[in-house]
Amino acid sequence: MKIVCIGAGRLAHHLMPELQFAGHTITQIYNRTPWPAVLLSQKLHHADHITRLEDLNTEADFYFLTIADDAISEVAGEVARLHELKGIVIHCSGVSGLDIIPLPQRGIFYPLQTFSEHHEVEWSQTPVIITSDKEDISQMLHKLARTISSVVYTMDEEKKSIVHLAAVFANNFTNHLMTLTEDICKKHDVPFEILKPLIYNTFQKAIQIGPSESQTGPAIRGDIKTIDKHLAMLEDQPDVRRLYQLITESIMRQ
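The following paragraphs examine the structure supplied in this document.

## Points about the pattern of salt bridges
Point 1. Here the structure, examined in full by the defined rule, presents nine salt bridges.
Point 2. The partner of Asp99 in a salt bridge is Arg106, and the shortest N-O contact between them spans 3.5 Å.
Point 3. Judged by its relative accessible area of 64%, Asp99 is exposed.
Point 4. With a closest N to O distance of 3.4 Å, Asp223 and Arg221 form a salt bridge.
Point 5. Exposure remark for Asp223: the relative accessible area of 22% places this residue in the partly exposed category.
Point 6. We classify Arg221 as exposed; its relative accessible area is 56%.
Point 7. A network of salt bridges, in which partner residues are shared, links Asp99, Arg106 and Asp133.

## Some remarks on the layout of surface pockets
One water molecule sets the probe size; rolling that probe over the atoms shows where empty space is left.
Point 1. Computed from the structure, the largest pocket encloses a volume of approximately 2,400 Å³.
Point 2. Lining the largest pocket are 44 residues, with Leu177, Thr202, Gln215, Ile247 and Ile251 sitting closest to its centre.
Point 3. For the lining of the largest pocket, the secondary structure elements donating two or more residues are α5 (157-187), α6 (196-209), α7 (211-214), α8 (218-221), α9 (224-233) and α10 (238-252).
Point 4. At eleven residues, α5 tops the list of elements feeding residues into the lining of the largest pocket.
Point 5. Looking at side-chain class alone, the lining of the largest pocket contains 27 nonpolar, 16 polar and one charged residues.
Point 6. Quantified by volume, the second largest pocket comes out at close to 1,200 Å³.
Point 7. Looking at the second largest pocket, it is lined by 35 residues, and the ones nearest its centre are Pro111, Gln113, Thr114, Phe115 and Asn171.
Point 8. For the lining of the second largest pocket, the secondary structure elements donating two or more residues are α1 (10-21), α3 (69-82), β6 (106-111) and α5.
Point 9. The residue inventory of the lining of the second largest pocket, partitioned by class, reads 16 nonpolar, 15 polar and four charged.

## Comments concerning the packing of α1 against helix α2 (residues 34-41)
Point 1. Following both chains from N to C, one finds α1 and α2 inclined at 30°, their axes separated by 10 Å at the closest point. On the basis of the axis angle, α1 is roughly parallel to α2. Crossing angle aside, the handedness with which α1 passes α2 is right-handed. Facing Ala12, His13, Met16 and Pro17 of α1, the residues of α2 in contact are Pro36, Leu39 and Leu40.
Point 2. A breakdown of the residues in the contact of α1 with α2 according to their chemical character gives six nonpolar, one polar and no charged.

## So, the packing of aromatic side chains
Aromatic rings in a pair are described by how distant their centres are and how their planes are angled relative to each other.
Point 1. Inspection of the entire model under this criterion finds three aromatic pairs.
Point 2. When the ring of Phe64 is compared with that of Phe109, the centres are 5.2 Å apart and the planes differ by 80°; the resulting orientation is edge-to-face. Here the residue Phe64 occupies a position in strand β4 (residues 62-65), and Phe109 occupies one in strand β6, the gap between them amounting to 45 residues. Each of the two residues, Phe64 as well as Phe109, counts as buried.
Point 3. A ring pair is formed by Phe169 and Phe173, whose centres lie 4.8 Å apart and whose planes are at 70°; its orientation type is edge-to-face. Of this pair, Phe169 and Phe173 both sit in helix α5, four residues apart, which is roughly one turn of that helix.
Point 4. Its relative accessible area of 51% is what places Phe169 among the exposed residues.
Point 5. With a relative accessible area of 42%, Phe173 lands in the partly exposed category.

Rules behind the numbers
Residues numbered from 1 in each chain as written. Predicted model: local features only at pLDDT ≥ 70, side-chain atom pairs only at ≥ 80, totals over all residues. Heavy atoms only, no water. Salt bridge = Lys/Arg side-chain N within 4 Å of Asp/Glu carboxyl O. Buried < 20%, exposed > 50% of the residue type's maximum accessible area, 1.4 Å probe, protein only. 1 Å grid on protein atoms, 1.4 Å probe; cavity = no way out; pocket = protein on both sides within 12 Å on 5 of 7 lines; lining within 4 Å. Points joined across faces, edges and corners; volume = space filled by probe spheres on them. Helix = DSSP H or I, 4+ residues; strand = E, 2+ residues; numbered from the N terminus. Nonpolar A, V, L, I, M, F, W, Y, C, P; charged D, E, K, R; others polar. Axes fitted to C-alpha atoms, helices over the stretch in contact; angles between N-to-C directions. Parallel < 35°, antiparallel > 145°, perpendicular 65-115°, else oblique. Left-handed = near helix turned anticlockwise from the far one by under 90°. Contact = heavy atoms within 4.5 Å. Phe/Tyr/Trp six-rings, centres within 6.5 Å; stacked < 30°, edge-to-face > 60°.

Read these as geometric descriptors, not functional statements.
Structure follows, in C-alpha cells:
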C-alpha cells in the first residue's frame, strides 16, 4: 500500500518505519516545520518531505493523521478543502471519533501503546483498534493492521474511548505515581533503584493473576497506624498527601 504521513511526531517515527518494514511504501511526509519530517524521511526509503498541505500526493491508498488530538479536526478539514482524495484518511486518536474527519473515506487506526523517543515498541504484540462507519474500510484497515500486529480489534467509537480511558489509568497515572515515588526517593536521598524489583513484580503479578487479586499494603489490611505515619511524613507535600489519602480510601473501599 502507498501511505502518506501527515505529522512527524513520536507516533509517526515509530509507526511509519514499521509499516515500511511490513512492505508498504511511505511516499510522503507532511509537517509544518520541516526538520521532524526530514528526520523521519531519513528512516524511510522513498518518502519526500513537504511543509504545505497543498503539495499533498493525491494518489495514496492511506493518509495517516499522526498529529495531536486537538489538531486533527483543523488539519482534516484543510485536507478536505484542498483535495479530492480516493484514499482513506485515518487518524490514530484513542479518544476522538470519526466525525472530525469530514470525508466519506475515513477510519481510525488506534495503536494501544505508549510511544517515547528512545524506547522501541514490540509492534507484533501491540493491540491495534480499528473503527470505521463502512464495512469495506473496516476490513481494509484490519488487513493493514494485521501486517504489523497479531492483535487487532474492531470496535465502535464508544468502546474505543473506554479503552482509552482505561489506558490513561493503566499507563499515564501509574507512571505519574512512579514519578512521585522517584521524587520521594530523591528528596530523602534514597536510591530509586532499590524499588525496581518491587515495581517489576507488581506489574508482573497484575498481569498474571489480576490486579484486584494482587493488592497488598497497609490500606487493604486496614493498617491505620501505618497510614497515619505515612500521612505525617507527607505534611510538607499537601498535594501528594491528598493523593495518598484518595488512593488509600479507594483501596479500602475495594
